[in-house]
Amino acid sequence: ALSTTPALGGSTTVTPPPGGPTATVTGTGGTRLNVRATPGGLLVGQLQPNQTVSLTGYRTADSAWVEIYRPGGGTGWVSARYVTTSVPVGSLVVK
């Protein structure tokens, strides 16, 4: 079950469920991985090489992007080719 907490500005902070699927940054050649608001969209943050984050359980129809829980709160999208996931990307739900 996901928990949401109202934050300033009317947005919500989404907390990842414990023990859910994860993604680890592995394919960037030692550089940071961009996190985007939408697949291919606005840059909203970066992940460090080898950083592990929780997956929301969603992917794009072509499996090129996976949605993650951002360490600072909220969610974002990363290119699936630059992460190693704890479950097959194809097993995630299309969003």
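Rules used throughout
- Here the residue numbering is sequential within each chain, running from 1 through the sequence in written order.
- Reporting in this predicted model follows two pLDDT cut-offs: at least 70 for local features of residues, and 80 or more for side-chain atom pairs to be given and counted; totals over whole chains, interfaces and linings ignore these cut-offs and use all residues.
- With hydrogens and water set aside, each side-chain value is computed from the structure's full complement of heavy atoms.
- Secondary structure elements are taken from DSSP: a helix is a run of H or I of four residues or more, a strand is a run of E of two residues or more, and numbering for both begins at the N terminus.
- Burial status follows relative accessibility: with a 1.4 Å probe on protein chains alone, a residue under 20% of its type maximum counts as buried, one over 50% as exposed, and anything between as partly exposed.
- A contact between two residues is defined here by any heavy atoms of the two lying within 4.5 Å.
- Here, Shrake-Rupley sampling with a 1.4 Å probe gives the accessible areas, and only protein chains in the shown set may cover a residue.
- The criterion for strand pairing is that DSSP finds at least two bridges linking the strands in question.
- In plain words, nonpolar cores are sets of buried Ala, Val, Leu, Ile, Met, Phe, Trp, Tyr and Cys residues tied together by side-chain atoms within 4.5 Å.

Draft legend 1. Main features of the overall build of the protein. In terms of helices and strands, the protein carries zero helices and ten strands. Shown N-terminal to C-terminal, the secondary structure of the protein runs as helices and strands in the order β-β-β-β-β-β-β-β-β-β. Looking at the protein residue by residue over its 95 residues, the buried ones come to 29%. When contacts within the protein are restricted to residue pairs at least 6 apart in sequence, long-range pairs at least 24 apart make up 48% of them. Here the protein has roughly 5,400 Å² of accessible surface; of this, 55% comes from carbon and sulfur atoms.

Draft legend 2. Spatial organisation of the environment of Val 44. Inspection of the secondary structure assignment puts Val 44 in strand 5 (residues 43–47). Residues Val 44 and Gly 76, 32 residues apart in the sequence, show an inter-C-alpha distance of 7.5 Å.

Draft legend 3. A look at the pairing of strand 7 (residues 65–69). In terms of burial, strand 7 is a largely internal element, four of the five residues being buried. Bridge analysis of strand 6 (residues 52–59) against strand 7 gives two bridges, and the strand direction is antiparallel. Note on strand 7: the bridge partner recorded for Leu 55 is Ile 68. In this antiparallel pair of consecutive strands, strand 6 and strand 7, the connection spans five residues, and Ser 63 shows a positive phi of 60°. Bridge count between strand 7 and strand 8 (residues 75–79): five bridges; the pairing is antiparallel. When the sheet's bridge partners are listed, Glu 67 is paired in strand 8 with Trp 77. Counted between consecutive antiparallel strands, the loop separating strand 7 from strand 8 contains five residues, among which Gly 73 sits at a positive phi close to 115°.

Draft legend 4. Highlighting the nonpolar core. Within the largest apolar cluster, 14 residues are counted, with the highest numbers of intra-cluster contacts made by Leu 33, Leu 47, Leu 55, Val 66, Ile 68, Val 78 and Val 83. Those elements that provide at least two residues to this core are strand 3 (22–25), strand 4 (33–36), strand 6 and strand 7. Excluding residues that lie within four positions of it along the chain, Val 78 makes contacts with Leu 33, Asn 34, Val 35, Leu 47, Ala 64, Trp 65, Val 66, Ile 68 and Val 83.

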